[in-house]
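Structural description and commentary
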Protein chains: 4
Amino acid sequence: NTEKTSRTAHPDDSVVLVSGVPVGGGHFAVMAGPCSVESRTQVCDIALAVKAAGATLLRGGAFKARTSPYAFQGLELEGLSYLQAAREVSGLPIVSEILSPLQVELFAATVDLIQIGARNMQNVELLREVGRIKTPVLLKRGLASTVAEWLLAAETILAQGNPNVILCERGIRTFENATRNTLDISAIPAVKRLSHLPVLVDPSHASGLAWMVPSLSLAAAAAGADGLLIEVHDNPDLALCDGAQSLTPEEFGALMGKLRTLLEIR
Amino acid sequence: NTEKTSRTAHPDDSVVLVSGVPVGGGHFAVMAGPCSVESRTQVCDIALAVKAAGATLLRGGAFKARTSPYAFQGLELEGLSYLQAAREVSGLPIVSEILSPLQVELFAATVDLIQIGARNMQNVELLREVGRIKTPVLLKRGLASTVAEWLLAAETILAQGNPNVILCERGIRTFENATRNTLDISAIPAVKRLSHLPVLVDPSHASGLAWMVPSLSLAAAAAGADGLLIEVHDNPDLALCDGAQSLTPEEFGALMGKLRTLLEIR
Amino acid sequence: NTEKTSRTAHPDDSVVLVSGVPVGGGHFAVMAGPCSVESRTQVCDIALAVKAAGATLLRGGAFKARTSPYAFQGLELEGLSYLQAAREVSGLPIVSEILSPLQVELFAATVDLIQIGARNMQNVELLREVGRIKTPVLLKRGLASTVAEWLLAAETILAQGNPNVILCERGIRTFENATRNTLDISAIPAVKRLSHLPVLVDPSHASGLAWMVPSLSLAAAAAGADGLLIEVHDNPDLALCDGAQSLTPEEFGALMGKLRTLLEIR
Amino acid sequence: NTEKTSRTAHPDDSVVLVSGVPVGGGHFAVMAGPCSVESRTQVCDIALAVKAAGATLLRGGAFKARTSPYAFQGLELEGLSYLQAAREVSGLPIVSEILSPLQVELFAATVDLIQIGARNMQNVELLREVGRIKTPVLLKRGLASTVAEWLLAAETILAQGNPNVILCERGIRTFENATRNTLDISAIPAVKRLSHLPVLVDPSHASGLAWMVPSLSLAAAAAGADGLLIEVHDNPDLALCDGAQSLTPEEFGALMGKLRTLLEIR
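Fair warning: this is a prediction, and the values are worked out from it, not measured in the lab.

Reading the values: the criteria
- Residues numbered from 1 in each chain as written.
- Chains lettered and ligands numbered in written order.
- Predicted model: local features only at pLDDT ≥ 70, side-chain atom pairs only at ≥ 80, totals over all residues.
- Heavy atoms only, no water.
- Helix = DSSP H or I, 4+ residues; strand = E, 2+ residues; numbered from the N terminus.
- Least-squares fit on C-alpha atoms with pLDDT ≥ 70 in both.
- Contact = heavy atoms within 4.5 Å.
- Salt bridge = Lys/Arg side-chain N within 4 Å of Asp/Glu carboxyl O.
- Buried < 20%, exposed > 50% of the residue type's maximum accessible area, 1.4 Å probe, protein only.
- Expected span 1.5 Å × (residues − 1).
- Phe/Tyr/Trp six-rings, centres within 6.5 Å; stacked < 30°, edge-to-face > 60°.
- Lys NZ or Arg CZ within 6 Å of the ring centre and 35° of its normal.
- Buried area = accessible area lost by both parts, 1.4 Å probe.
- Nonpolar A, V, L, I, M, F, W, Y, C, P; charged D, E, K, R; others polar.

Note: most residues except glycine have negative phi, and most peptide bonds are trans. A positive phi is found at D242 of chain A, a non-glycine position, where the angle reads about 60 degrees. Here D242 of chain A lies in the loop between strand 10 (227–231) and helix 9 (249–265).

On to the relation of the copies chain B and chain A. Of the transformation placing chain B onto chain A, the axial shift is 0.0 Å and the rotation is 180 degrees, giving an RMSD of 0.0 Å. Viewed as a symmetry operation, the transformation between the two copies matches a two-fold axis. Among all residues of chain B, the one whose C-alpha sits closest to the rotation axis is A144 of chain B, at a distance of 2.9 Å. When the interface residues of chain B are mapped onto chain A, 100% of them are again interface residues, pointing to one common binding face.

On to the pattern of salt bridges, then. Following the criterion strictly, the structure yields 48 salt bridges over all chains and no others. Of the charged contacts, one joins R173 of chain A and E149 of chain B as a salt bridge, the two residues approaching to 2.7 Å between their closest N and O atoms. Note that R173 of chain A is positioned in the loop between strand 8 (165–169) and helix 6 (187–194) and E149 of chain B in helix 5 (residues 147–160), a pairing that runs across two chains. With respect to class, R173 of chain A is no different from E149 of chain B; both count as buried. With a shortest N-O distance of 2.8 Å, R128 of chain D and E125 of chain D are connected by a salt bridge. Of this pair, R128 of chain D and E125 of chain D both sit in helix 4 (residues 124–131), three residues apart, which is roughly one turn of the helix. The two residues R128 of chain D and E125 of chain D agree in class, both being buried. It is possible to trace a salt-bridge network through shared partners that takes in R141, E169 and D184 of chain A together with E176 of chain D.

Once that is clear, we can look at helix 2 (residues 77–90) of chain D. All names here are of chain D. With 14 residues, helix 2 should reach 20 Å at 1.5 Å per residue; the first-to-last C-alpha distance of 20 Å fits that figure. Along helix 2, the residues that are buried comprise G79, L80, Y82, L83, A85, A86 and S90. Packing partners of the buried residues in helix 2 comprise helix 1 (40–53), strand 4 (57–59), strand 5 (94–98) and helix 3 (104–110). Positive phi shows up at G91, right after helix 2, with a value of about 80 degrees.

Between the two copies, chain D and chain A, the superposition gives an RMSD of 0.0 Å; the rotation angle is 180 degrees and the shift along the axis is 0.0 Å. The overlap is high: 100% of the interface residues of chain D also sit at the interface in chain A, so the same surface is used on both sides.

Moving on, we come to the packing of aromatic side chains. Under the defined criterion, the tally for this structure stands at four aromatic pairs over all chains. The interplanar angle of 50 degrees and the centroid separation of 5.9 Å between the aromatic rings of F63 of chain B and F107 of chain B together place this pair among those described as tilted. Linking F63 of chain B in the loop between strand 4 (57–59) and helix 2 (77–90) with F107 of chain B in helix 3 (residues 104–110), this pair joins segments that are 44 residues apart in sequence. The residues F63 of chain B and F107 of chain B share a single accessibility class, namely buried. Note that R193 of chain D overlies the ring of W211 of chain A, its terminal NZ or CZ placed 4.0 Å from the centroid.

The interface of chain B with chain A comprises 32 residues on the first partner and 32 residues on the second. Both faces combined, the contact of chain B with chain A buries some 2,600 Å², and carbon together with sulfur accounts for 57% of it. Across the chain B-chain A interface, the total number found is two salt bridges. The element that contributes the greatest number of residues to the side of chain B that touches chain A is helix 5 of chain B, accounting for five residues. For the side of chain B that touches chain A, a count of residues per class yields 11 nonpolar, 11 polar and 10 charged.

The following block contains the structure:
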């Protein structure tokens, strides 16, 4: 019951085009940027910095699905407009998280890649709605979802008619508490064997620890991932959200150097 | 940051009134019925049978959040109308699962208790929308959500203005595979200590095994739960959904007898 | 491959006799006492107190398997001799944890019931050695062992010739951190269906929280457990080990009263 | 309470010498061989094959800690003698698993590196006994042990006087069932930051899937591991134990080629 996502049905790697940027099939994508969009200046500055270091897309949260109703919920519409401004100055396509089927039209008109977060991986109405458009979708794995369930969530989107799905492993929930979540590195070869869809890794959310992001990024590339989603903030200590897991632009630049060397021999 | 759900703020047990049926504060609720509404006759017959055995509410799924897009998705609007018919013949208030913020008006006009399923416990837009009405909400615990996160999801509803929330533990995801999920019985005393909200147990989804439902139901009552959510089907072998975990009306009746004896000495 | 532990091979409940005290087959056992034996006076006083409240065995650790090499490791031989003294004054059989195959003779000569702790459930040489004697064995479930693996560990003992095995569920490791471990209440009906061996519950180690022990004890009895293992300390605040999960003799007495009422109607 | 294993106490990487072969501090070790020693010919042939491909140690099980008492338990003493024969023909130091404190003298006299398996990571008497000799110890992480508990188990060995401990991550138990266990790749950078001890990865036990071993091996090297433990069998289909996760010598040779390229740029 995963006929459309299955590699049996579609032996070659799918390449998803995000406003001209190819993802998958040998095209390694690096999506970088702040957890939350905080101001026009912040997101534009980070966009230029990550582009200079080699990022291929800009990420940034405008609508935030926070666990507590009293935490910062994002700049919402204003945040989306700042992301669009950053796209204009940097030329990088933008990816941001959607929270509701009511926002599908808005996101389709605004961003290049619509992110469905881990908390909404089994929000079946949202999956169906983004399946009815053609904008590419970045589908994060649920915190406690098996690889099989994750591919069924992707299947729900493809079954409605949208083939442009990119998967993203972002850590699963286990007993270990040395890291925020446990990066399931095996999910990369598992997905590549079962499905033709591109699969990225988000080492920032997986670990919750900026100092661990470079090791995990290199491991993901070595394991065969099609790209990375990395949080970068110009001042992690003052970030409104997830500062402890954000790289500075300098750290991101250093990581990109190592990554290029590794990708050359892959 | 759980000020409205916290027992500190509200030392006495909350009693949530579901169309006249009290839940919590010593009022033990038993919500029984089929996983999916399959026909008018089916749901009416089961409603009368569970009422005769002592159930206080009728449960039944009309919109189903299935993992696979190719599984039976429920009778949808037709299913809701059959539930209403069953309410009329039995006098039992009805509870059914909502999937999208777009359905809030529909559900508020149709059911007595709106269920938010485990897959949507962190669907923050849905939580906010049901927070804006007064219809009682049954909030199931997410498969991999901590008790603290579950109470924050409840807080999201209460923070919008709807105080009528009933919690429901339905098993968490662990390594054990003898049961479908692992019933976290400790969550009952944990929630009762932290919060004033009523908390039920769903032994059918927790175990996935009909023969285990009676033991787990009695354990839940002994641990201090405020009620149960139990799947009952007149012909489990032919059920369109989750037959393996459904009791027959006879088995449900036998369980109700034991439960009454236990509740008397509690 | 669980032929000797299987209920198929042995349809009736096994009753294990621990120095005259029957466990299983309707005989509910309550094993209570301190986490660690701390002094002769301490353990004798607690023995008399728990006996007065209705306990049927005395538990106490002499050799402790602590995670840190720098934590208190128990009074060792001296601890065993104090337990023997407490047996003499109270008449209660004693249970204590063994750590090594080298200690089998010592324990067989000293205690009435040899406990194998969760950390050693898959210490196969230890299982084999206690399988070669006839002293009853209390086999705790490993922190991350499935019910199937737990029964195979019991099978390893029975396969060597010792049929006197009592199982004990003591919580499994999950993502939830509201409790020290997660009591798997479903393991009780699961084991009762698969095996004829008696199965106890240890709510003290499962939760790590004294205030939660009464609820979990009642739930265990309601779910069909054959007994309980409960930590009792006359001064939990000063306990050398696990004070936070120990009941006072008064709290234990109150729990025993509720338990008797529940067992009467079971 | 991890003073001897901590990097604070010992800022430089430790290099453990295994009969002349350095492990750690930039020396990448590859330990390869069959799950179980099956015959003299088998293990000698595999030893020569893995040596030719670049392995630095030979692994092979003689005493097996199987979950079922009816599974193949290994060739025991005979198996150790075949490993010694293979050491002679290949020149590779040998590593094999110990099961009991009673075997410490035997193993110290026979093997170059004593393995403590995941099931015995908290077998405290065994840890203490291998702490009293100087033979290097390969300490595998327990199935459900945190990084902190794993380092405390190592500390138990070091506290007795044996500083020659090599850690090995071999997958943890989670809800995911696409793989046998879940390789916790984050444990590598976590251990390297907390401790000076070398840390290896066992991708064979972590995944249980031979086809996944190459991806995970490269990921481990990229993440900073000090070596690998890999199962190699000349005829996986006929292996008496864990054939599904064993590479053929040819597959192992191909992996070693890729690994060398990656290590050069690391």
